[in-house]
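# Secondary and tertiary structure notes
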Amino acid sequence: MKNNILQTDTQHDFAHTSTFKNTTNQRTMTPMNRLAIAYLLLNCLLLSPLGAAAPQIDIAIPDAPVRMPEDFTFRARITSPKLDRATTIAWRFGGEGQGGKVFRGEIGKDLTTDQWTDPISVASILPNKQSPGRLFLTITIDQPAKAKEKNRDKLLPLTAVELDLEFSAHGKVVKTLHETSPEGGTVGLIIPGDDLRLGKAVDSDQFLHDLVGLREYAQRRAEQLESLPWSKEPLPKRFAIVTDLGGYGTGSPRYGTRYSDKQIVELECRALRQLGVNAFRAAPDFLIDMAEKSEGYAAAFNRSRVDSTSIGYSEAPKGKPEICPFAPEVAPAMQKALQTSLDRLLTAKSSEVWALTKDEIGLYTKEHPATCDVCNEHYRTFLQNLNVKLNPKDFGKANWPEVSLANIYNKDAALDLTDPNVARNAYYSAAFLIDLTSRLFTATRDAFDKANAAKREALAKDPTSPTAKQPFLYSYALRGPTLTWGGGGLDFFEFYRHADNGFMYETSNRDARVWSWDSYMCDVARVVCDDHKFPFGLYVKPHRGAVIQRAIAAAARGATTIYWYTYGPDYSKGDSFSTDPAAMALTSKAARLLAAAEDSLYNARPVKPAQVALIQPLSLELWLRLRGFLKPDQAHLLETAWENNKWTYTALQHAHIPVDPLDETMLETIDLARYKVIYAPSPVLRAASAAKLAKWVEAGGTLVTTATGLSRDEANQPLNSLLPILGLKDRKSPALFATVELYGATTIKPFDLIMPLPDTRNTSSITSEPPFPKAAIQPALGREILNPLPTAQVIGKYADGASAIVRNQHGKGTTYALGTFAGLDYSATVRRPDFDMARDFNPNLCQWLAAPALEKVQPQVDPGQPTIEALLIQSPEGRQSIPVINWTWKSTAPPATAPTTMPAQKTITQFVPQKDLHITVRGAKPPKSIQSAAMHKPVTFKQTGETLEINLPTLEDADVLLLD
């Protein structure tokens, strides 16, 4: 039986909505007032009739279906051109990029110019008579070809089409739209179902105001974005800010075409400029051509290009057997795809192009290799070429030909992972699948690097040459932040040793309590990109929350390309942020902050390298993948350890300690002398990595681990070599008081108590000696009783006298073994339905986990609040700055004024601005002045020796303090 310690209600990404009630004079408005005005302006645009008071916006309007009245009808007629033969007017909505099924039908057929169709009920075209929040309805006009030409592609296209759409309610005409389609036969309109959810009738002023064609819709959006208080402020020039602009098409109606009017494209480009966009991934061909020629309004969109035509794998058609990755046809097919891409990409007139290799990339193959002789031969070669010296006996075999892949993706496979030979083979089988997948893109990486080298050489010799004018090329495989979930098919370290010359992932986490994990992901990106000397880009999803925080966290760690995923627009692409006024306002604000700090932020790096590292071993991710072959308690310990790693980073972040995430290969190959402290909470670590850690400790390093940490090697065997280093006789399985679920992009869950509770739960509080705080610590998840060697020091004990913290001297260095899952314990109190991040994170637990690091290093920047992140960075030109990021949210009850027609919500998530921050900085160049990029004014500071003290009067989402 399990009982939740804390019951968590469904959370929603509401963008600061409950504060948007009043406005102030613009001369005295705070940044929060400014954002409130922006939100209300945009909601006036999309939800209110002209001249009417703005509705009170307290909660977000979910895109749930709403019933459409059956007596709300419409009819249509073509007013231009003069047709010489009958035609058909049709409707469709859904699908084609918007997700779900395409619904389609006819309004009328055999029509001529100025002939009205019969009225049809809007409800009759909707599934179950239910409309989405906003119904984007596409109207198309086809002129039939000659009778013998039945092929749709041969239909004679109409141009310069004009169309009347007449809407009636209760038998009375309530609105007529006159829409034009200059370049084809497609127009779009919006039927505002969300107004019905707010209790507005179809003949109300508000509903009729919002019932518009796409041109009016795009114009209103552009005008309201242009009316934001910061709309005249500079936009990014050095950062590449990318998005999509879809929906335009010409000629006969085609897939994904929502309109045939270039004026709408121009209006949408006005909106995109307000969002800082200066580059495209997908856009109409004519617009890309104009951008590359620097023509007209499109000239502002040629900073970069993101090419979404995936180079991809050489894959078998659906329903066919997998193609062996080593089959003779695979390499030529991928080489052909690569060459086709190169021929296209090198003609682009942008300075750089990011080219997608594989969207949402995963393993190329899973089950096939275990049954393939060719794959098994390559597996044996892979094993023999590893830095680790292996022989067939390590796999329980007499010679290499007997060694074969374990079928780890076959649930029915009998794999006894308690056998070290079987376990080692399963481990390396999982590693091999990553290796073969990444090497499929090595040729692409090398070709792009070769092209870039040729461009650099040409630039040095003759900048006017054709080669000098070709773009720099960066390949990237897009993936979600799987490192913050339950892992994934490909890790974020090993993959880049063989594939890609650019790092790109997308922000997807939806729980405000873990949005700061994007700092973790960006630190991984920073380390990987610095190691391989290639650029970092990020897909930021504004409608997933924290758009400003995520953008600044990435830019502060070297990201030079930021793709707003995705503008869409909303009538063209589902999962777009253009349907969310608050997200657009925040995105616009993010662009201005990037621009205001651009010269200091762009391509910046830490002033001082991190002196603390956190090990993120591939071994833990691989064993997490193998957990299905383990006993449930062993599998759960791996899941617990995976979550503990992420929250360990959070605690160190809250202690304001800069951290370098390292994987095992980096641990084994780089010079670790720069690190004073290394945290290694993972229970699994390669034996070779353990040996390197032991030498590093002996030379003077401080090693910290937690419950079960560093207890097993890659073959799932006791890592006995580290026992004397940690000052322990042996390791015992921990006693768990509760269990934890793997986080999976949506909501973190509370711990589940294990029933019956272990007898030791109430006697497990810890009292400790320096460097740990004096305050007693109560483990929330479980404990490991440590068994120290006589030469080690017990500096922390559980209430029942058992050893909780063991410190050991090894050579010149020190190790700390903590008997709890300290990172997860730190998260326990924020896992509540009424969370408040400023209140719930226990400072004693934070200091307790960070104590070994704080004994050796001082925070470079300490803003005085745990959920405020601040970094000291420097641009290549030597400009220093301090990005300050506010990761503070709380949950509150929804307002009593929520419309009764809205779905009931138990809690909403609200942003918490900060005031009067006192920021302590160590190691910065003494400045003459410090400017707040967010407030556009100087802030006060005091320099005492090497310590700089800054007073920041207010902090909303983020700021960048510019040191002059």
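Every value quoted in this text rests on a predicted model; they were computed, and no experiment measured them.

## Some details on the overall build of the protein
For the protein, the count of helices and strands is 23 helices and 47 strands. Here the C-alpha atoms of the protein give a radius of gyration of 30 Å, agreeing with the 30 Å that 2.2 N^0.38 yields for 964 residues. By principal-axis analysis of the C-alpha atoms, the protein measures approximately 100 × 70 × 70 Å. Out of the 964 residues in the protein, the part that is buried amounts to 61%. Of the contacts made within the protein by residues no fewer than 6 positions apart, 74% connect residues no fewer than 24 positions apart. Here the protein displays about 36,500 Å² of accessible surface, and carbon together with sulfur accounts for 50% of that area. Charge-centre separation for the protein: the mean point of 107 positive side chains lies 2 Å from the mean point of 106 negative side chains.

## Thoughts on unusual backbone geometry
With an omega dihedral of -20°, the bond running from Tyr565 to Thr566 counts as a cis peptide bond. With respect to the helices and strands, Thr566 occurs in the loop between strand E20 (559–564) and helix H14 (581–596). Backbone geometry places His656, a non-glycine residue, at a positive phi of 65°. Within the secondary structure layout, His656 lies in the loop between helix H17 (632–654) and strand E23 (659–662).

## A closer look at the pattern of salt bridges
If you walk through the whole model with that rule in mind, you get 49 salt bridges. With a shortest N-O distance of 3.2 Å, Lys293 and Asp289 are connected by a salt bridge. Taking relative accessible area as the criterion, Asp289 reaches 34% and is therefore assigned partly exposed. Salt-bridge contacts for Arg445 lead to Asp446; the nearest nitrogen and oxygen are separated by 3.1 Å. Of the residues examined, Asp446 reaches a relative accessible area of 36% and is grouped as partly exposed. Members of the salt-bridge network, linked through shared partners, are Asp523, Arg526, Arg557, Asp660, Arg674 and Glu869.

## Focus: the nonpolar core
Formed by 216 residues in total, the largest nonpolar core has its most connected members in Phe503, Phe536, Trp564 and Ile678. What Phe503 contacts, discounting residues up to four positions off in sequence, is Trp354, Phe492, Tyr496, Val524, Ala525, Val528, Cys529, Phe534, Pro535, Phe536 and Gly537.

## Quick word on the confidence of the model for the protein
Predicted confidence across the protein gives a mean pLDDT of 89, with 90% of residues reaching 70 or more. In the predicted structure, residues 1–62 sits below a pLDDT of 50 and forms 168 contacts with residues beyond four places in sequence or in another chain.

## Some words on the sheet that holds strand E22 (residues 612–615)
The pairing of strands in a sheet comes from backbone hydrogen bonds and takes either a parallel or an antiparallel form. One open sheet accounts for eight strands, arranged E23-E22-E24-E25-E35-E34-E33-E30; its pairing is mixed. Looking at strand neighbours, the two that pair on one side only are E23 and strand E30 (766–768), the edges of this open sheet. Sheet twist, expressed as the mean angle between neighbouring strand axes with direction ignored, is 20°. Bridge count for E30 against strand E33 (residues 793–798) is three bridges, and the pairing is antiparallel.

## Some words on the environment of Ile670
Relative to the helices and strands, Ile670 is located in the loop between helix H18 (664–669) and strand E24 (677–679). Along the sequence, Ile670 and Arg625 sit 45 residues apart, while their C-alpha atoms lie 27 Å from each other. If near-sequence neighbours (up to four positions away) are discounted, Ile670 is found in contact with Leu662, Tyr675 and Lys692.

Reading the values: the criteria
- Residues numbered from 1 in each chain as written.
- Predicted model: local features only at pLDDT ≥ 70, side-chain atom pairs only at ≥ 80, totals over all residues.
- Heavy atoms only, no water.
- Helix = DSSP H or I, 4+ residues; strand = E, 2+ residues; numbered from the N terminus.
- Rg over C-alpha atoms; globule rule 2.2 N^0.38 Å.
- Buried < 20%, exposed > 50% of the residue type's maximum accessible area, 1.4 Å probe, protein only.
- Contact = heavy atoms within 4.5 Å.
- Areas by Shrake-Rupley, 256 points an atom, 1.4 Å probe, with all protein chains shown as cover.
- Lys, Arg positive; Asp, Glu negative; His and termini not counted.
- Charge placed at Lys NZ, Arg CZ, Asp CG, Glu CD.
- Salt bridge = Lys/Arg side-chain N within 4 Å of Asp/Glu carboxyl O.
- Core = buried A, V, L, I, M, F, W, Y, C linked by side-chain atoms within 4.5 Å.
- pLDDT = per-residue confidence, 0-100.
- Pairing = 2+ DSSP bridges.
- Axes fitted to C-alpha atoms, helices over the stretch in contact; angles between N-to-C directions.

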